[in-house]
Structures are given as structure tokens and as C-alpha cells.
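Survey of secondary and tertiary structure
Here is how the chains run, residue by residue.
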Amino acid sequence: MMRLFSLVYLACAIPEAAAFSMKIIDSHLHVWASKSEAESNFPYDQPPPESLQNNATPEALIEQMDKAGVDGALIVQPINHKYDHSYVANAIKKYPHKFKGMLLHDPELSPVMAVKRLEELVLSGYVGVRFNPYLWNEGELMSADSGGGLAVYKRCAELGCPVGVMCFKGLELHYDDILALIEKSPDTQLVLDHLGFCALNEKGDEAFKQLLALSKYPNVSVKVSALFRNTGSVDSFPYDKVKAQRFQPLLEAFGSKRLMVGSDFPYVLETEGGYDGAINTVKSWLNKDDAEAVLFGTAERLFGKWGALE
Ligand SMILES: *[C@@H]1O[C@H](CO)[C@@H](O)[C@H](O)[C@H]1NC(C)=O
């Protein structure tokens, strides 16, 4: 009786779209060693922010995921451990039904070595590659014919391994480079992080047009993640303006089958709404069909299924 009452209450109190329960895969977050783990086994390449240093272990993450009803996650290799993938690989090994990983490409490697390393990490549970354009030397391109980036990008098409690009300083800076990648290897699945990092301002609006233009390439997808990084200081939780000016046009252009939710844990912990607020905000924007894609379907199409092996 009590249970029935609370279900009815829930159905009335929250938007209709949020009143269903569904598998949820968080397509974008990080874990890193706590201070003591860093001192013993997993040294930092660069220390994480002090306020979050001890809040980004796999166990701290699972606590948040459980509270928010999130079933699985794609762990993106954090810059704090740079190219040392042992901490994330350990997390995947410990919780294989919950975690998959996206490795960080090292632009210093020769094409042969870069592809070899990709293949090794794929064997230890990695299912995607992150390109951070700021790790390339000034003036060098991800799509350069002679570079390891293009060799890895092409090999990823054969391995079924999507490549995520982080355009922290603005999509427009990397747009031509991204187009070149797509044209040189159209079968590679390309994922743009964090709504393309197009802040709600004039510069962001221009970049956002470029992001929408990429929708004509069927193998390009976008993470609906880190909403808090896209506010341009004119929006805040629960991100109504990001919804209207970024999410809805993206949904129209790309369709839900090329969008996927992500939190950007642990950074999201320091924002209003926290982890479950971020997940539930995106959930509240979706009807049931779109939710099936954005909450887990797109991530599983690109990265494989999460859950117990059958
Ligand atoms: C997208 O990639 C798939 C393989 O992942 C390929 O079969 C298809 O041709 C690609 N689409 C385009 C338009 O290049």
C-alpha cells in the first residue's frame, strides 16, 4: 500500500519522462589514486585538485553510481596518471561488469609503437581512445599523415574502437583537423566530449554551428556530458539554457542514437546537484525512446555491452 502510494506520488511530482527506470551507462568520468594509493603504488604524473584528491577512487565512484542508479561507466584515462594506465586497468579488472576504459593516446610515439600500445591496451579492457589535442606539439596535427595519431585513428576503425576528442579550448581550433581525421578514416567512430565544449556565448555559438555541421557524418557522436562546463557563466543547475540552446538542437541534428549521457565525475561533485543531479537532469530531458539511446544504447553500440558476462 505504502509502495503504491509512493509510486503514484512520484509519477505526479516529477516530469513524466523521468518516471521510468532504465539501465544507465555514464559515458564520461575519471578515477585516480587517493593520496595514500599514489604514495604506495600509483604515483601521479600531476597531482589532482586537492579537494577531490581522495574522492575519485573506484569505490567512491561506485557509491555515487549506486545512489543515482547508474549501472556502468566508461572511465576516461585521467591526465593525472598521464600514460600510466595501471590504475584504471586495475579498476576495470576489479569491477569488470561495471567499468570499461578509454586510453590516452601518446602523440610522442611513432606510428608503429602507438598502434602496438593501442593493441596491448585493448587486450586489457580498453574499448576507446582519447585524443587530447593539447598533448601534440604546437602546430602539429592529430590528422598528420606521418604521425601516430592518424595511424591509431585508422587502426581504431578495424578494432571497433571509438576515438574521443577533447576540445577544451574550443572546437573551432580543431575543426579542420577533425574534418581531416573523418575524411581520412570515415569508418572510425568519432566522439566529441562535453557537447563539443561550446559555451553559451558568441564564440561558443559559432563553434556550435560547426558541431551541428558534423552531424552529416554518420560516424560522429556527441557526449551530453559535463553540462557545467558549457554554461558560459550565464546558466546553472539544472541547466535550462544548455538544454534549449545546446542539447535540443543536437538531438534534432544527430538524433538520440548518436548522443550519450556522461557526468564528468569527480569534477561534477563540486557542482550544484552533484553526481545524481547531473544524471537526472539529462534523464528529465528525454522521452522514453530517446532515453533508451542517450542513457545506455548509444554507449553500448559504440563501446560494447556492460554487465555480467553471459
Ligand atoms: C561508418 O562506419 C562504418 C563502420 O564502423 C562503415 O561501415 C560506414 O561506411 C561508415 N559510414 C560512412 C558514411 O562513412
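Everything below is about the structure shown above.
Residues numbered from 1 in each chain as written. Predicted model: local features only at pLDDT ≥ 70, side-chain atom pairs only at ≥ 80, totals over all residues. Heavy atoms only, no water.

1. Topic: the site of the ligand
Taken together, the neighbourhood of the ligand is formed by Pro186, Asp187, Gln189, Pro218 and Asn219. The residue inventory of the shell around the ligand, partitioned by class, reads two nonpolar, two polar and one charged. (Near = heavy atom within 4 Å. Nonpolar A, V, L, I, M, F, W, Y, C, P; charged D, E, K, R; others polar.)

2. Looking at unusual backbone geometry
Note that the residue after Phe237, namely Pro238, is joined by a cis bond; omega there is 5 degrees. Among the structural elements, Pro238 can be located in the loop between β7 (220-225) and α9 (240-254). Along the chain, Phe265 connects to Pro266 via a cis peptide bond; the corresponding omega equals -5 degrees. Here Pro266 lies in the loop between β8 (259-262) and α10 (274-284). Residue Asp264 is not a glycine yet carries a positive backbone phi of 65 degrees. With respect to the helices and strands, Asp264 occurs in the loop between β8 and α10. You can call Asp264 buried: its relative accessible area is 1%. (Helix = DSSP H or I, 4+ residues; strand = E, 2+ residues; numbered from the N terminus. Buried < 20%, exposed > 50% of the residue type's maximum accessible area, 1.4 Å probe, protein only.)

3. Points about the nonpolar core
Counting residues in each nonpolar core, the largest one holds 94 residues, and the members touching the most others are Phe99, Phe131, Ile178, Leu214 and Phe303. Apart from the residues within four sequence positions on either side, Phe99 is in contact with Pro58, Leu61, Ile62, Met65, Ala73, Ile75, Ala91, Ile92 and Trp306. (Core = buried A, V, L, I, M, F, W, Y, C linked by side-chain atoms within 4.5 Å. Contact = heavy atoms within 4.5 Å.)

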